[in-house]
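Observations on chain architecture
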Amino acid sequence: MAAAGEANGGTGKLEFSLDVPFPSSRDATIALRSLSPDKEPRKGGISKLITVSGSTLSVRWSADESRILRVSVSSFLDHLSLVMETMEMFGPPVAV
Amino acid sequence: MTVVIGFEGSANKIGIGIIRDGEVLSNPRRTYITPPGQGFLPSDTARHHRAFILTVLKEALEQAGLKPADIDCVAYTKGPGMGAPLVTVALVARTVAQLWGKPLLGVNHCIGHIEMGRLITKANNPTVLYVSGGNTQVIAYSERRYRIFGETIDIAVGNCLDRFARVIKISNDPSPGYNIEQMAKKGSQYVELPYTVKGMDVSFSGILSYIEVRAAQRRFHTFIILLLSLQETLFSMLVEITERAMAHCGSQEVLIVGGVGCNLRLQEMMGVMCKERGAKLFATDERFCIDNGAMIAQAGWEMFRSGQVTELEDSWITQRYRTDEVEVTWRD
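Per an unreviewed UniProt entry, chain B is named N(6)-L-threonylcarbamoyladenine synthase, and its organism is Oreochromis niloticus. In the Catalytic activity (unreviewed entry) part of its UniProt record, chain B is described as follows: "L-threonylcarbamoyladenylate + adenosine(37) in tRNA = N(6)-L-threonylcarbamoyladenosine(37) in tRNA + AMP + H(+)".

In the annotation of an unreviewed UniProt entry, the entry for chain A reads L antigen family member 3, and the organism field reads Oreochromis aureus. UniProt, in its Subunit (unreviewed entry) section for chain A, records the words "Component of the EKC/KEOPS complex composed of at least GON7, TP53RK, TPRKB, OSGEP and LAGE3; the whole complex dimerizes." Turning to chain A, the UniProt annotation filed under Sequence similarities (unreviewed entry) states: "Belongs to the CTAG/PCC1 family."

Have a look at this one:
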């Protein structure tokens, strides 16, 4: 943590990146729209940004403390896996 | 013909139900039951719902004999309730709504109870007593809102019962309230407990503290006396505030909804008050008074048919959601 002030663009925050490949852009977007509406339960100390590029879902976290980061990432992974399992069981998406 | 599927998981029950124009086609449910002496925590409850939700969803479709294409709208509980379980259920609802290309509808849990009660009992315009582990409200409809006439100022009546059940280590299977009811039936002695009606409202945390101290005497027959006395006192308070609301509104109908509404002693006591006033009492059985998916589907059916829809970006869940926040567009 000695160089914390200099790392991550000088913000001193902890950052975590996750990239999840999906079979198609449509699938990635479905996952995005399911996972993004709920706000982070803890108001301060953590923020995340979920985006889709091509058929990849990307998530970027920025946190003040590792403990908060761990909880948020862990919850997200649980939620992601539920969404993916749902898509597997009840997909493929209907023709638009 | 309108078919709505409803997802409910705000407390320890995960239920998914399908309604077609007032007919319940399926309503499967699973309950997360903790060992005696323990309540259910949000993360464990969410884990339970996560484990069963997709199975229950399959059951709902199979028992109704329907395919996803037959569904017109996907309704889910937006709130109020416990955060983690609400999220788990909303995730699946949002995902299937997109997979099946159907509109999504976020439903208020309390209104789900009310609309299911109205559907099943055909009550016209009742004063509603909504009593469960999480909520205690007296509600009456007026000008496009379900208005709260009276409520608990601290904990729900079901929470008082459940927490006392934990203190004396009563089984939570099938529910602590049910077991309290059965044990109380064996009693015949009554002791006076604090009676805390506050005008149109009620308070329960004081009674709970009081009986927890009394229970520390640890004699079995004392438990039965306390349980009987507790029911009599709590239910009398509920009858009083319901009657007060009825007098305010000039209402001749009472509808009891919510898990505590299954209690036959509560129904009996409310029935006595109703008879004295020449009013009618309505209640449903445990399929519908306990949290279930079909009640969310029913409220969703009403909302959908009156033109409401929830955009995905607005489909976030919320632990606090007042009954009177919703515009009741489906009634005059």
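1. Re the environment of glycine 17 of chain B
Residue and element names in this part refer to chain B. Examined against the element boundaries, glycine 17 turns out to sit in strand S2 (residues 13-20). Overall, glycine 17 belongs to the buried group, its relative accessible area being 0%. Glycine 17 sits 83 residues away from tryptophan 100 along the chain, and the two C-alpha atoms are 17 Å apart. Those residues within four positions of glycine 17 in sequence are excluded, and the remaining contacts are Val4, Ile5, Gly6, Ser26, Asn27, Gly293, Ala294 and Ala297.

2. Side note on the layout of surface pockets
Looking at the second largest pocket, its volume works out to about 1,100 Å³. For the lining of the second largest pocket, the secondary-structure elements that each account for two or more residues are strand S2 (46-53) and helix H2 (66-90) of chain A together with helix H1 (42-64) and helix H2 (83-100) of chain B. With 10 residues, H2 of chain A is the single largest residue contributor to the lining of the second largest pocket. Here the residues of the lining of the second largest pocket sort into 15 nonpolar, nine polar and 11 charged.

3. Things to note about H2 of chain A
Between its first and last C-alpha, H2 of chain A extends 36 Å over 25 residues, near the 36 Å set by a 1.5 Å rise per residue. Looking at H2 of chain A, one finds that the buried residues are Ile68, Leu69, Ser72, Val73, Phe76, Leu80, Leu82, Val83, Thr86, Met87 and Phe90 of chain A. In the core, the buried residues of H2 of chain A are packed alongside strand S1 (14-21), helix H1 (25-35), S2 and strand S3 (56-63) of chain A together with H1 and H2 of chain B.

4. Digging into the pairing of S2 of chain B
All names here are of chain B. With respect to burial, S2 is a largely interior element, seven of its eight residues being buried. In the sheet, strand S1 (residues 3-8) pairs with S2 via six bridges, with the strands oriented antiparallel. Its bridge partner lying in S2, glutamate 8 is registered against glycine 15. Counted between consecutive antiparallel strands, the loop separating S1 from S2 contains four residues. Judged from the three bridges that link them, S2 and strand S4 (residues 29-31) form a sheet pairing that is antiparallel. Opposite glycine 15, over in S4, you have arginine 29 as the bridge partner. Examined bridge by bridge, S2 and strand S3 (residues 23-26) share three bridges and lie antiparallel to one another. Considered in S3, the bridge of isoleucine 18 is made with serine 26.

5. Here we look at the UniProt feature "binding site: a divalent metal cation" (unreviewed entry) in chain B
Residues and elements named next belong to chain B. If you check UniProt for "binding site: a divalent metal cation" (unreviewed entry), the listed places come out as His109, His113, Tyr130 and Asp291 in our numbering. A maximum C-alpha distance of 11.8 Å is found for the annotated residues, which run over 183 residues; spatially they form one tight group. Along the chain, the position of histidine 113 falls in helix H3 (residues 109-121). Discounting chain neighbours no more than four positions away, the residues touching histidine 113 are Tyr130, Val257, Gly258, Phe288, Cys289, Ile290, Asp291 and Met295. Relative to the elements of secondary structure, tyrosine 130 occurs in strand S7 (residues 127-131). Note on tyrosine 130: relative accessible area 0%, which makes it buried. Setting aside residues no more than four positions away along its own chain, tyrosine 130 makes contact with His109, Cys110, His113, Asn135, Thr136, Gln137, Ile139, Val257 and Gly258.

Conventions used here
Residues numbered from 1 in each chain as written. Chains lettered and ligands numbered in written order. Predicted model: local features only at pLDDT ≥ 70, side-chain atom pairs only at ≥ 80, totals over all residues. Heavy atoms only, no water. UniProt positions renumbered as here; feature names shortened; annotations may be inferred. Helix = DSSP H or I, 4+ residues; strand = E, 2+ residues; numbered from the N terminus. Buried < 20%, exposed > 50% of the residue type's maximum accessible area, 1.4 Å probe, protein only. Contact = heavy atoms within 4.5 Å. 1 Å grid on protein atoms, 1.4 Å probe; cavity = no way out; pocket = protein on both sides within 12 Å on 5 of 7 lines; lining within 4 Å. Points joined across faces, edges and corners; volume = space filled by probe spheres on them. Nonpolar A, V, L, I, M, F, W, Y, C, P; charged D, E, K, R; others polar. Expected span 1.5 Å × (residues − 1). Pairing = 2+ DSSP bridges.

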